[in-house]
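A structural walkthrough
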Amino acid sequence: MDKRKVDIAIIGAGTAGLTAYNAARKHTDNLVLIEGDTYGTTCARMGCMPSKLLIAAADSAHDAARAAMFGVAVEGIRINGEAVLERVRRERDAFVSSVLESMEAIPESHKLMGRARFLAPGRLAVGDALEVRAERIVIATGSSPHIPAMFQGLGDRLLTNDSLFELQTLPASIAVFGTGVVGLELGQALSRLGVHVRLLGRDGALGGIVDEEIRDYAERCFSEAFYLDTRSEVADLSPADNGVAITFTHQERGELAETFERILVATGRPPNLTALDLHHSGLTLDDAGIPVTDTATLQCGDSPVFLVGDANGQAAVLHEAAQEGRIAGDNAGRYPQVQAASRQVPLSVVFTHPQIASVGVPVGRMSGAKRKGFAVGTVSFEDQGRSKVIGKNRGLLKVYAQRGSGVFVGAEMLGPAAEHIGHLLAWAAQGRMTVREMLGMPFYHPVIEEGVRTALKDLNARLHESVACDDECLESGPGA
Ligand SMILES: Cc1cc2nc3c(=O)[nH]c(=O)nc-3n(C[C@H](O)[C@H](O)[C@H](O)COP(=O)(O)OP(=O)(O)OC[C@H]3O[C@@H](n4cnc5c(N)ncnc54)[C@H](O)[C@@H]3O)c2cc1C
Ligand SMILES: NC(=O)c1ccc[n+]([C@@H]2O[C@H](COP(=O)([O-])OP(=O)(O)OC[C@H]3O[C@@H](n4cnc5c(N)ncnc54)[C@H](O)[C@@H]3O)[C@@H](O)[C@H]2O)c1
């Protein structure tokens, strides 16, 4: 094996690896970025961007169909599956190209192509022919679709988010397995594009929603448009001439056998750690086989190894991957003087309709004494003025604050414009605003944010800090 010695090796040229590289490069010029597959990142190639492009097409189809509710008849809506997927790929490729351009800006001597694995602490094999000795290592290997054994042997009838966007046209029918974020976003989009969809989950989960009331509300909303069973029972699944034959228990019709042109497996994305031979790394692993990592430094124990992005099995979203890469790249550069970074308030958005957002402390997951430390305010969007105007008055928002201090700590939402409301609330939580301070902010009329104000007022009342009615009544227009 050829040998090379570097200060820092970064494994994985995805979003987290690239930000780690940029941060580490400020400390040393003797570093390598190792990629085992293709450049371009999961987000741009088969994650965030193509999925949002597909959803955008689906929303157009849906908006055209629902225009009738406003007295605007759009005749003869026709979905051209080939054109839909062609645009998804065209725009997706442009996003990938911009990542590839940034790869080109990295000196060749800093790039290695090949799968990395540990030979010993501080020693990596890259492919079969090269050994890299690195004083410090950042693991940024991402995550991949998990394919349970029951789905093996289906050949190209089985899709994941890696292959869905490469289809030449939309299938007539699809069974989507997994009611997490990927399954829900893609299942709803395909349904809106005219594909016959059955969305089958296993453990009651739905789009990552924690609060039971919001989860149940969401299940009712989504079920109106396509078949959704978050606790499905599948008795048989086997390849058929024209697709995949599935026998499952239908919620109303009992045992049912149906054949689907394709199945989409969205049953989770575990971290890409197996191929790294971590048993040679000297790192302490948790029960799930993931190196024990400090979330403030991204350091694994007191070793010179850092674990970031989807690979650490924590928040598998892009902005966290980017932030973690920056923190770890900087800490790899300054090791052993690592610095604890203050992390941003957790924020996630699911691009369904209604959208889902989650911000900050997951109070909905707490029980008992811990939960008693927080007050909860609620609003339904069913009667909310702006939401009614635009015909999107479905959903619930719950907002949380700490009792005593009145500090706003988080929220969970299903409803219109959750991608924007989520940001507003995340910024308030990160700024450690009190509920009273938030209520002192301007609210235009008529806007969806007025629904947020209603939830905050409810929260304020529950914190026993009621706002004088005179002020509120004067500033509220109809349907606020
Ligand atoms: C369908 C879908 C939709 C999504 N939508 C959103 C969204 O809307 N918003 C959002 O915030 N997040 C979204 N995400 C999540 C987001 O894409 C990920 O959190 C993010 O891309 C993770 O970046 P990363 O750098 O950790 O991993 P990646 O970008 O996957 O990079 C990891 C890299 O490591 C390489 N690698 C792996 N093992 C090795 C090895 N042994 N040696 C060398 N290289 C290796 C891989 O080839 C890969 O290039 C979505 C994900 C999916 C699947
Ligand atoms: N909008 C976004 O930000 C966005 C979009 C997509 C993905 N993501 C990220 O990607 C991560 C992975 O998402 P995901 O949806 O792939 O995983 P997930 O873990 O969130 O959901 C997978 C679901 O599949 C179920 N499941 C497992 N085996 C099954 C089986 N045999 N049959 C039916 N259901 C089964 C699991 O119980 C689970 O509920 C998310 O946690 C999220 O962070 C984010």
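Every chain is numbered on its own, with residues counted from 1 as its sequence reads. Whichever chain is written first is A, and whichever ligand is written first is 1; the rest continue in order. The predicted nature of this model means local features are confined to residues of pLDDT at least 70 and side-chain atom pairs, given and counted, to a pLDDT of 80 or more, with totals for whole chains, interfaces and linings taken over all residues. Remark: hydrogens and water are excluded; side-chain values derive from all non-hydrogen atoms of the structure.

Residues are counted as near a molecule or strand when any one of their heavy atoms sits within 4 Å of it. Looking at ligand 1, there are 33 residues lining it, with Glu35, Thr42, Lys52, Asp310 and Leu318 nearest. Any pair of N or O atoms that falls within 3.5 Å is considered a polar contact. Within protein, one atom must be able to donate a hydrogen and the other to accept it, and sequence-neighbouring residues count only if both atoms are side-chain atoms. Within the backbone of alanine 116, a nitrogen or oxygen atom sits 3.0 Å from a nitrogen atom of ligand 1. Numbering goes from the N terminus for both helices and strands, where a helix is a DSSP run of H or I of at least four residues and a strand is a run of E of at least two. Of all the secondary-structure elements, those providing two or more residues to the shell around ligand 1 are α1 (15-25), β2 (31-35), α2 (42-46), α3 (48-66) and α7 (318-334). Asp, Glu, Lys and Arg are counted as charged, while Ala, Val, Leu, Ile, Met, Phe, Trp, Tyr, Cys and Pro are counted as nonpolar; the rest, among them Gly, fall into the polar class. Tallied by class, residues from the shell around ligand 1 come to 15 nonpolar, twelve polar and six charged.

Right, let's get into unusual backbone geometry. In most cases, non-glycine residues show a negative phi, while peptide bonds are predominantly trans. A cis geometry characterises the amide bond from histidine 353 onward to proline 354, with omega recorded as -5 degrees. Tracing the backbone through its elements, the reader meets proline 354 in the loop between β16 (347-350) and β17 (355-360). Residue proline 446 is reached from histidine 445 by a cis peptide bond, and omega for that bond is -5 degrees. In this structure, proline 446 sits in the loop between α11 (435-439) and α12 (449-462). Here alanine 417, not a glycine, exhibits a phi torsion of approximately 55 degrees, which is positive. Its location among the elements puts alanine 417 in the loop between β20 (408-415) and α10 (418-430).

The term salt bridge refers to a pairing of a side-chain nitrogen on Lys or Arg with a carboxyl oxygen on Asp or Glu at a separation within 4 Å. In this structure the tally under the stated criterion is 23 salt bridges. Note that aspartate 383 and lysine 388 form a salt bridge whose closest N and O atoms lie 3.0 Å from each other. Put simply, Lys3, Arg123, Glu131 and Arg133 are held in one network by salt bridges that share partners.

Glancing now at the packing of aromatic side chains. Working definition: rings of Phe, Tyr and Trp (its six-membered ring) pair if their centres are within 6.5 Å, and the pair is stacked with planes under 30 degrees apart, edge-to-face with planes over 60 apart, and tilted otherwise. Summed over the entire model, instances satisfying the criterion amount to two aromatic pairs. Charge-over-ring contacts are defined here by two conditions on Lys NZ or Arg CZ: a distance within 6 Å of the ring centre and an angle within 35 degrees of the ring normal. Directly above the ring of tyrosine 227 sits arginine 198, whose terminal nitrogen or CZ lies 5.0 Å from the centroid.

Glancing now at the sheet that holds strand β14 (residues 262-265). One requirement defines pairing of two strands: DSSP has to find at least two bridges between them. The strand order across the open sheet formed by five strands is β7-β14-β8-β9-β10, and the pairing between neighbours is parallel. The outermost strands of the open sheet, each flanked by one partner alone, are β7 (158-159) and β10 (227-229). Both strand β8 (residues 173-177) and β14 contribute to a ladder of four bridges, which runs parallel. In the strand pairing of β14, isoleucine 174 is matched with arginine 262. The criterion used for residue contact is that any of the two residues' heavy atoms lie within 4.5 Å. To obtain each axis, a line is fitted to C-alpha atoms, and for helices this fit is confined to the stretch in contact; angles are then taken between N-to-C directions over 0 to 180 degrees. Docked against the sheet, helix α5 (residues 181-192) engages β8, β9 (196-200) and β14, running at close to 160 degrees with respect to β9.

A separate point is the sheet that holds β16. Taken in spatial order, the five strands of this open sheet run β16-β17-β20-β19-β18, and their pairing is antiparallel. Strands at the two margins of the open sheet, each flanked by one partner only, are β16 and β18 (374-380). Across this sheet, the average inter-strand angle for adjacent strands is 10 degrees, counted without regard to direction. With four bridges connecting them, β16 and β17 associate as antiparallel partners.

Let us look at the domain arrangement of the protein. Domain delimitation follows an automatic or database domain assignment. Here the protein is partitioned into domain 1 (2-145 + 270-334), domain 2 (149-265) and domain 3 (347-474). Between the C-alpha centres of domain 2 and domain 3 there is a distance of 32 Å. At the junction of the two partners, domain 2 supplies 17 residues and domain 3 supplies 18 residues. Accessible area that two parts lose when put together, evaluated with a 1.4 Å probe and summed over both, is termed the buried area. Three residues stand out in domain 2 for area buried against domain 3, namely Val210, Ile214 and Tyr217, and they jointly supply 38% of the buried area on that side. Scanning the region where domain 2 abuts domain 3 turns up three salt bridges. At the junction of domain 2 with domain 3, the criterion picks out nine residue pairs in polar contact (both at pLDDT 80 or more). Elements with a minimum of two residues in the side of domain 2 that touches domain 3: α5 and α6 (212-223). Sorting elements by how many residues they give to the side of domain 2 that touches domain 3 places α6 first, with six residues.

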